[in-house]
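Summary of the model geometry
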Amino acid sequence: MGDTAETADAAGAADKKQDRTAAKLAKQIGAFAKKHGGAEGQLAHIGQAGTRIVLVGTDGGWGDLVAPTFATAQLAAEKAGLTLHEEFDGEFAARVRTGPYEWTRMAGIQLGGHEN
């Protein structure tokens, strides 16, 4: 009987931790959306590191957050009212604006550009 109570307590603690983490991520998503005139997102598994929440603002600004699990990422997106896309497809990706930093960081190093 004691094992069942301990398991329930551990599950309850895990749920509370997930809720706290999701609430923190939702707050960050909300701040991003406020700064960029709104936002939409996409969730991407990144292995043991968790799930990446890719954010694209209405103004083309972008960023990302990492949640420890896919379920936490989904909960955070739900709490923030974030519209999610199934894929980071051409239409969604075309909204992203990149600047000189991104070009030198993403392509410049491979093409012989300056390192940042």
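The present account deals with the structure reproduced in this document.

Reading the values: the criteria
- Residues numbered from 1 in each chain as written.
- Predicted model: local features only at pLDDT ≥ 70, side-chain atom pairs only at ≥ 80, totals over all residues.
- Heavy atoms only, no water.
- Helix = DSSP H or I, 4+ residues; strand = E, 2+ residues; numbered from the N terminus.
- Contact = heavy atoms within 4.5 Å.
- Buried < 20%, exposed > 50% of the residue type's maximum accessible area, 1.4 Å probe, protein only.
- Polar contact = N/O pair within 3.5 Å; in protein donor to acceptor, adjacent residues only side chain to side chain.
- Core = buried A, V, L, I, M, F, W, Y, C linked by side-chain atoms within 4.5 Å.
- Arc of directions from axis to C-beta.
- Pairing = 2+ DSSP bridges.
- Axes fitted to C-alpha atoms, helices over the stretch in contact; angles between N-to-C directions.

1. Here we look at the side chain of Thr72
Of note, Thr72 is situated in helix H2 (residues 70-80). For Thr72, the residues in contact, after removing those within four places along its chain, are Gln18, Thr21, Ala22, Leu25 and Ala67.

2. Considering the side chain of His36
Tracing the backbone shows His36 in the loop between helix H1 (2-35) and strand S1 (39-45). On the basis of relative accessibility, which here comes to 14%, the residue His36 falls in the buried class. Engagement of the side chain of His36 in a polar contact is seen with the side chain of Asp59, the distance being 3.1 Å. Non-local contacts of His36, meaning those with residues more than four positions away in its chain, are made with Gly57, Thr58, Asp59 and Gly61.

3. Examining the nonpolar core
Among the nonpolar cores identified, the biggest contains 14 residues, and Leu25, Ile29, Ile53, Leu55, Leu65 and Leu82 are the most heavily contacted of them. Of all the secondary structure elements, the ones that give two or more residues to this core are H1, S1, strand S2 (51-57), strand S3 (62-67) and H2. In this view, Leu65 contacts Leu25, Gln28, Ile29, Thr51, Arg52, Ile53 and Leu55; residues no more than four positions away in its chain are not counted.

4. Some words on the environment of Leu75
Here Leu75 is to be found in helix H2. Along the primary structure Leu75 and Leu25 are separated by 50 residues, whereas in three dimensions their C-alpha atoms are 9.2 Å apart. When neighbours within four sequence positions are excluded, Leu75 is seen to be in contact with Gln18, Asp19 and Ala22.

5. Notes on H2
Those residues of H2 that sit buried are Thr72, Ala73, Ala76 and Ala77. Projected onto a plane normal to the axis of H2, the buried residues spread over an arc of 135 degrees and lie on a single side. After H2 finishes, the residue Gly81 shows a positive phi value of roughly 70 degrees.

6. Description of the sheet that holds S3
An order of S3-S2-S1-S4 is seen for the four strands of this open sheet, with the pairing classed as mixed. Either end of the sheet is taken by a strand with one partner, and the two such strands are S3 and strand S4 (83-85). Here the strands of the sheet are splayed against their neighbours by 30 degrees on average, with no regard to which way each runs. Looking at chain direction, S1 and S4 are connected through three bridges and run parallel.

7. A look at the pairing of S3
Here S3 shows a clear split, with Gly63, Leu65 and Ala67 buried on one side and none of Trp62, Asp64 and Val66 buried on the other. Pairing of S2 with S3, which is carried by six bridges, proceeds in the antiparallel orientation. Paired with Ile53 across the two strands is Leu65, which belongs to S3. In this antiparallel pair of consecutive strands, S2 and S3, the connection spans four residues, and Gly60 shows a positive phi of 95 degrees.

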